[in-house]
Amino acid sequence: MKSVAIIVNSRYGSTKKYAQWLQEKTKGDLIDFKDFRPRKLLDYSIIVFCAGVYTSGIANLSTLDRSMKVLKEKRVAVFCVGASPYVKEAFYSLYRKHFDGNLKDVPAFYGRGAWDRNKLKFKDRTLCRLLAKKLEKKDEKLYLPWEKDFISFYDKVCDWKDPKYLDPLLEWMEEDPYPTEEDYKNMMNLENF
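Residues numbered from 1 in each chain as written. Predicted model: local features only at pLDDT ≥ 70, side-chain atom pairs only at ≥ 80, totals over all residues. Heavy atoms only, no water.

Some points on the pattern of salt bridges
Side chains that differ in charge, positive against negative, can pair when their charged atoms come close. Rule in force here: When a carboxyl oxygen of Asp or Glu is within 4 Å of a side-chain nitrogen of Lys or Arg, the pair counts as a salt bridge. Counting from the N terminus, the helices are the DSSP runs of H or I reaching at least four residues and the strands are the DSSP runs of E reaching at least two. The rule is simple: take the accessible area with a 1.4 Å probe, protein chains only, and divide by the maximum for that residue type; under 20% is buried, over 50% is exposed, in between is partly exposed.
Scanning all chains against the criterion turns up 6 salt bridges. R112 is the partner of D149 in a salt bridge, and the nearest nitrogen-oxygen pair spans 2.7 Å. One end of the pair, D149, is in helix α5 (residues 145-153); the other, R112, is in strand β6 (residues 108-112), with 37 residues separating them in the sequence. Residue classification places R112 among the buried positions, given a relative accessible area of 9%. Here E147 and K138 are joined by a salt bridge, their closest N and O atoms 2.8 Å apart.

Looking at the state of the cysteines
The condition is simple: Cysteine sulfur atoms are paired as a disulfide whenever they come within 2.5 Å of each other.
Under the defined criterion, the tally for this structure stands at 0 disulfides. With no disulfide of its own, C50 lies closest to C80 among cysteine sulfurs, the gap being 9.2 Å. Relative accessible area serves as the criterion here: at 1%, C50 is assigned to the buried category. Left without a disulfide partner, C128 is nearest to the cysteine sulfur of C158, which lies 13 Å away.

Digging into the packing of helix α1 (residues 14-26) against helix α6 (residues 167-174)
As a reminder, the rule being used: Each axis is a line fitted through C-alpha atoms, and for a helix only the stretch in contact is used; angles between axes span 0 to 180 degrees, taken between their N-to-C directions. Should an angle lie under 35 degrees it is considered roughly parallel, over 145 roughly antiparallel, and from 65 to 115 roughly perpendicular; all remaining angles are considered oblique. Handedness of a crossing follows from how the near helix is turned relative to the far one, being left-handed for an anticlockwise turn of less than a right angle and right-handed for a clockwise one. Residues are treated as being in contact if the distance between any of their heavy atoms lies within 4.5 Å. Here the nonpolar group is Ala, Val, Leu, Ile, Met, Phe, Trp, Tyr, Cys and Pro; Asp, Glu, Lys and Arg are the charged ones; every other residue, Gly included, is treated as polar.
Two elements in contact, α1 and α6, have axes whose closest approach is 11 Å; the angle formed by their N-to-C orientations is 40°. One element, α1, and the other, α6, form an angle in the oblique class. Here the hand of the crossing between α1 and α6 comes out right-handed. Contacts from L22, K25 and T26 of α1 reach α6 at L169, L170 and M173. Class assignment of the residues belonging to the contact of α1 with α6 gives a composition of 4 nonpolar, 1 polar and 1 charged.

Following this line, the structure appears as structure tokens:
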């Protein structure tokens, strides 16, 4: 495997666990986001940015966006971790929303994390509580798939982490650095989860 830098930005631990699994599989270097300096990554051939998905945004993705001018000759990918199940259409929508400009050619992969409402920081706990209250007033027949899922686990402690979610990323890391459009569509397909 080529030299790999794994940048990890984890708020609650799920993203960090995926980054550790990735490090074990690739023998890459694990680098905490607070130590992320693009110019220090020039000796690596592959850079994987691991970050959580929170309220439809990817943590600190704007920092990676600004860094792409320095990293333009590198193979860069993003591994996102969230509490929602993988839904191809929803993930593609998230991708299209956030991966443009400097990030338009950066592939993104998804792994499902964990959920424990009691461990959430005040802001996240408040936003989730407001969302749950809003959904309680909505007719269940009108729930979007992610809303139905959110309500089903809101009061539970759940852990969906699974190293199999890394498989598409690992395949990308091993393949030709210039995938075709068809290759990319296949990378986005995680229907086995």
